[in-house]
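# What the coordinates show
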Amino acid sequence: MDMLNVLPSNFGYAIFTYLYSWIMLGYLAVKVGGARKKFDVKYPTMYSDTHQVFNCIQRAHQNTLEVYAQWLVFQTIAALVYPLSAAVLGAIWVTSRFSYAWGYYTGDPSKRMYGAYGYIGYFGVIFLSISVALQLLGVY
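Given the structure is predicted, the values throughout are model-derived calculations rather than measurements.

About the thresholds
- Residues numbered from 1 in each chain as written.
- Predicted model: local features only at pLDDT ≥ 70, side-chain atom pairs only at ≥ 80, totals over all residues.
- Heavy atoms only, no water.
- Helix = DSSP H or I, 4+ residues; strand = E, 2+ residues; numbered from the N terminus.
- Buried < 20%, exposed > 50% of the residue type's maximum accessible area, 1.4 Å probe, protein only.
- Contact = heavy atoms within 4.5 Å.
- Areas by Shrake-Rupley, 256 points an atom, 1.4 Å probe, with all protein chains shown as cover.
- Lys, Arg positive; Asp, Glu negative; His and termini not counted.
- Charge placed at Lys NZ, Arg CZ, Asp CG, Glu CD.
- Phe/Tyr/Trp six-rings, centres within 6.5 Å; stacked < 30°, edge-to-face > 60°.
- Lys NZ or Arg CZ within 6 Å of the ring centre and 35° of its normal.
- Patch = residues over 30% accessible without salt bridge, like charges linked within 9 Å, V, L, I, M, F, W, Y side chains within 5 Å.
- Salt bridge = Lys/Arg side-chain N within 4 Å of Asp/Glu carboxyl O.
- Axes fitted to C-alpha atoms, helices over the stretch in contact; angles between N-to-C directions.
- Parallel < 35°, antiparallel > 145°, perpendicular 65-115°, else oblique.
- Left-handed = near helix turned anticlockwise from the far one by under 90°.
- Nonpolar A, V, L, I, M, F, W, Y, C, P; charged D, E, K, R; others polar.
- Core = buried A, V, L, I, M, F, W, Y, C linked by side-chain atoms within 4.5 Å.
- UniProt positions renumbered as here; feature names shortened; annotations may be inferred.

### Examining the overall build of the chain
Along the chain, the regular secondary structure elements total 5 helices and 0 strands. In the chain, the order of α-helices and β-strands from amino to carboxyl end is α-α-α-α-α. Principal-axis analysis of the C-alpha atoms places the extent of the chain at approximately 55 × 30 × 20 Å. Residues counted as buried form 40% of the 140 residues belonging to the chain. Of all intrachain contacts in the chain linking residues separated by at least 6 positions in sequence, the fraction that spans at least 24 positions is 68%. For the chain, the accessible surface area stands at approximately 8100 Å², while carbon and sulfur atoms represent 69% of it. If you average the places of the 9 positive and of the 5 negative side-chain charges in the chain, the two averages end up 7 Å apart.

Below is the structure:
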């Protein structure tokens, strides 16, 4: 079976959203690596007892990883039926993770809320996934 004939024609936009998320995760990881060096936090230590800024940088990455798997699932389900909408919502979520991290990197955890607009993208793909499920069940 040829995947290009099975996937929606606009699914390529969703693929670019996945690639964008890969860049975002790489960026966050590099920032943690740089902070480990700067604040002398050795592996496997996750958090520092003395450097709040390191902990904020680490948390920005860790929190993103904590929700990433769920986002991937909902992003994929939504994109199979609504590829363009899912791509836009996914791009909003991924972009918000940069804003979230940059706010957190200040050392003031409350500034992570600069990325709160990402809930539009996150809950958007969840809503679209629910729509797909209901369609498959014949509810509408």
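### Looking at the environment of Asn10
One can find Asn10 in the loop between α1 (3-6) and α2 (11-39). For the pair formed by Asn10 and Gln62, sequence separation is 52 residues and the distance between their alpha carbons is 31 Å.

### Here's the deal with the packing of aromatic side chains
Scanning the entire structure with this criterion turns up 12 aromatic pairs. Here the aromatic cluster, defined as three or more aromatic residues joined through ring pairs, consists of Tyr18, Tyr68, Trp71, Trp93, Tyr119, Tyr122 and Phe123. Sitting over the ring of Tyr100, Arg97 keeps its end group 4.1 Å from the ring centre.

### Some words on a nonpolar patch on the surface
Taken together, the side chains of Tyr13, Leu84 and Val88 define a hydrophobic patch exposed on the protein surface, amounting to about 290 Å² of accessible area. Within the secondary structure layout, Tyr13 lies in helix α2.

### Description of the side chain of His61
Relative to the helices and strands, His61 is located in helix α3 (residues 52-81). Those residues in contact with His61 that sit more than four places away from it in its chain are Leu25, Leu28, Ala29 and Val32.

### Focus: the packing of α2 against α3
It is at 10 Å that the axes of α2 and α3 come closest, and there the two elements cross at 165 degrees. When the axis of α2 is compared with that of α3, the two are roughly antiparallel. By crossing handedness, the relation of α2 to α3 is classed as left-handed. The residue makeup of the contact of α2 with α3, split by class, is 21 nonpolar, 7 polar and 2 charged.

### Let's talk about the nonpolar core
Counting residues in each nonpolar core, the largest one holds 31 residues, and the members touching the most others are Met24, Ala60, Trp71, Trp93, Val94 and Tyr105. Where this core is concerned, the elements lending two or more residues are α2, α3, α4 (83-104) and α5 (118-136). The biggest single contributor to this core is α2, with 9 residues.

### With respect to the pattern of salt bridges
One pass over the structure, following the stated rule, counts 2 salt bridges. Salt-bridge contacts for Arg59 lead to Glu66; the nearest nitrogen and oxygen are separated by 3.2 Å. Here Arg59 falls in the partly exposed class, since its relative accessible area comes to 23%.

### Considering the UniProt feature "transmembrane region" (unreviewed entry) in the chain
Taking the numbering used here, the UniProt-annotated feature "transmembrane region" (unreviewed entry) corresponds to residues 12-30, 71-94 and 114-137. With 100% helix and 0% strand, residues 12-30 has its two end C-alpha atoms placed 27 Å apart. As annotated, residues 71-94 has a helix share of 96% and a strand share of 0%, and its two end C-alpha atoms lie 10 Å apart.

### Thoughts on unusual backbone geometry
A cis amide bond links Tyr43 with the next residue in sequence, Pro44, at an omega value of 5 degrees. With a phi close to 55 degrees, Asp40 is a non-glycine residue in the positive phi region. Mapped onto the elements of the fold, Asp40 is located in the loop between α2 and α3. According to the relative accessible area criterion, Asp40 is exposed, its value standing at 52%.

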